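# Descriptive analysis of the structure
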Amino acid sequence: MAWPRDDAKLDRVRALMRERGLDALVVRAPDNVLYLTNFWGMKGYDAVVFPAEGDPTLICLEPSRADAERTAWTDDLRLFEGYDERDPRPPALRALDIAAAAAEHYEAVGIELSLGTQAADRMIGEPTTYPKAWFDAFPHAQDATPLLSEARAIKTAQEIERMRLANQIAAAAMEHTQGVIRPGMTEAQIASEWLGFVHGEGTGWGGKVELAYGFALVWSGPGIRTFTATTDRAVVEGEPTLFEIWVCADGYWADHTKNLVPGELTQRYRELEAGLLGVYNDAIAFCEPGASLPELDRRIRAGVAELGFPGQPTHPICHGVGARAHEQPYAHQAGGGEIAAGMVLAIEPGCYWEEGGGLRVEDNFLITADGAEKLSSFPDGIVAA
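In this text the structure is predicted, and so the values were computed from the model without any measurement. (Residues numbered from 1 in each chain as written. Predicted model: local features only at pLDDT ≥ 70, side-chain atom pairs only at ≥ 80, totals over all residues. Heavy atoms only, no water.)

### Points about helix H8 (residues 187-202)
- Here H8 spans 22 Å end to end across 16 residues, near enough to the 22 Å set by a 1.5 Å rise per residue.
- Within H8, burial applies to Glu187, Ile190, Ala191, Trp194, Phe197, Val198 and Gly202. Axial view of H8: buried residues confined to an arc of 120 degrees, hence all on one face.
- Residue Gly204 follows H8 closely and has a positive phi angle near 90 degrees. (Helix = DSSP H or I, 4+ residues; strand = E, 2+ residues; numbered from the N terminus. Expected span 1.5 Å × (residues − 1). Buried < 20%, exposed > 50% of the residue type's maximum accessible area, 1.4 Å probe, protein only. Arc of directions from axis to C-beta.)

### Details of the packing of aromatic side chains
- This model, assessed by the stated rule, comprises eight aromatic pairs.
- When the ring of Phe215 is compared with that of Trp253, the centres are 5.5 Å apart and the planes differ by 25 degrees; the resulting orientation is stacked. Placement of the pair is Phe215 in strand S7 (residues 212-220) and Trp253 in strand S9 (residues 252-261), with a sequence separation of 38 residues.
- Assessed through its relative accessible area of 24%, Phe215 is described here as partly exposed.
- Centroid distance Tyr269 to Trp353: 5.1 Å. Interplanar angle 75 degrees. Geometry classified as edge-to-face. In this pair, Tyr269 is assigned in helix H9 (residues 267-286) and Trp353 in the loop between strand S13 (350-352) and strand S14 (358-360), connecting sequence segments 84 residues apart. There is no split in this pair, since Tyr269 and Trp353 are both buried.
- A network of ring pairs unites the aromatic residues Tyr130, Trp134 and Phe135 as a single cluster.
- In this arrangement the basic side chain of Arg28 is found over the ring face of Tyr130, its NZ or CZ atom lying 4.6 Å from the centre.
- In this structure, Arg268 is placed above the aromatic ring of Trp353, and the distance from its NZ or CZ to the ring centre is 3.5 Å. (Phe/Tyr/Trp six-rings, centres within 6.5 Å; stacked < 30°, edge-to-face > 60°. Lys NZ or Arg CZ within 6 Å of the ring centre and 35° of its normal.)

### Some points on empty space enclosed by the protein
- In total, this model carries two cavities of 30 Å³ or more according to the counting rule given.
- In this model, the largest cavity occupies a volume close to 110 Å³.
- Lining the largest cavity are 13 residues, with Met1, Trp40, Thr71, Arg122 and Glu210 sitting closest to its centre.
- Split into classes, the residues belonging to the lining of the largest cavity amount to five nonpolar, two polar and six charged.
- As for the second largest cavity, its lining consists of Arg28, Pro30, Val33, Phe39, Gly41, Gly44, Tyr45 and Asp46.
- A breakdown of the residues in the lining of the second largest cavity according to their chemical character gives four nonpolar, two polar and two charged. (1 Å grid on protein atoms, 1.4 Å probe; cavity = no way out; pocket = protein on both sides within 12 Å on 5 of 7 lines; lining within 4 Å. Points joined across faces, edges and corners; volume = space filled by probe spheres on them. Nonpolar A, V, L, I, M, F, W, Y, C, P; charged D, E, K, R; others polar.)

Below is the structure:
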């Protein structure tokens, strides 16, 4: 989708580049290409050379030319073929040739040296990774990943608008799922209801979303655990079905955990819900500009321990969301950092019984001068179906 050039975002990146003495960034991760140019590639082969002064160069797979011309914020577009009868190398290496040539006159260059994972391209299912040649081509480069993480942690007005769209789609998909979930359906069947709504109704949402994808892990009753797959287990009456869900709307994300229950919720879960929502609401109230990220981690984990779940959860309890579902900053008691206005944070305490079952709650919050603003309209806790 075409958006006006976000100069507030690009100016912040350039200011950080000047602080670090960088003349240009050479970036290939799809989320960073999107962040710097508004172009979301199909296959993750694309790259951008982003100078501290002057126009960026977008290096783009030739079949995506029309998309790049329509959406990208730069007129300097250089194309490479997906298939070249003279060149048996993978397409990303043809992109590298162009990137190296475009960057050769810059003295101080930064590349994503410490990038651990990346958001997917528009095809999603087969993300590309960096071959050694990408690092060898810039032997004296600085690591640009910390700079990009710092820039991306604070969202511009345009980014917040785009994330609101992703949150709206996620909430509407939960409302749809709330109306169709029934005991005896499988976890996979109810997950497909949510996923189908996101892709089918989210694509074209409000005339502002060109492509929406959903990602879901769904567990019911005793199937609720961390880091396990959705299966053909049946939806349980009287116990929550937990939806660990992401929406990607034109490259900007929402990350939620929501819970539905068909039938009357058991007393055991009523008590767990009340306790966990107390921890959650305390964390939300704590998230003001200047608050300590390490203290947030300690605070949530201490609250979960008081509920009878010491050492839990095994997953992060707070992280940034933006052009990825998980990005900086992360709250960790052995780390550092402060919460700042303009961050969008996913807050997600959870606790789980050893024999199976448990609860997690999560939404995305925009940090403002007045505190944390919830971005999704769908309720937290366990919602009756």
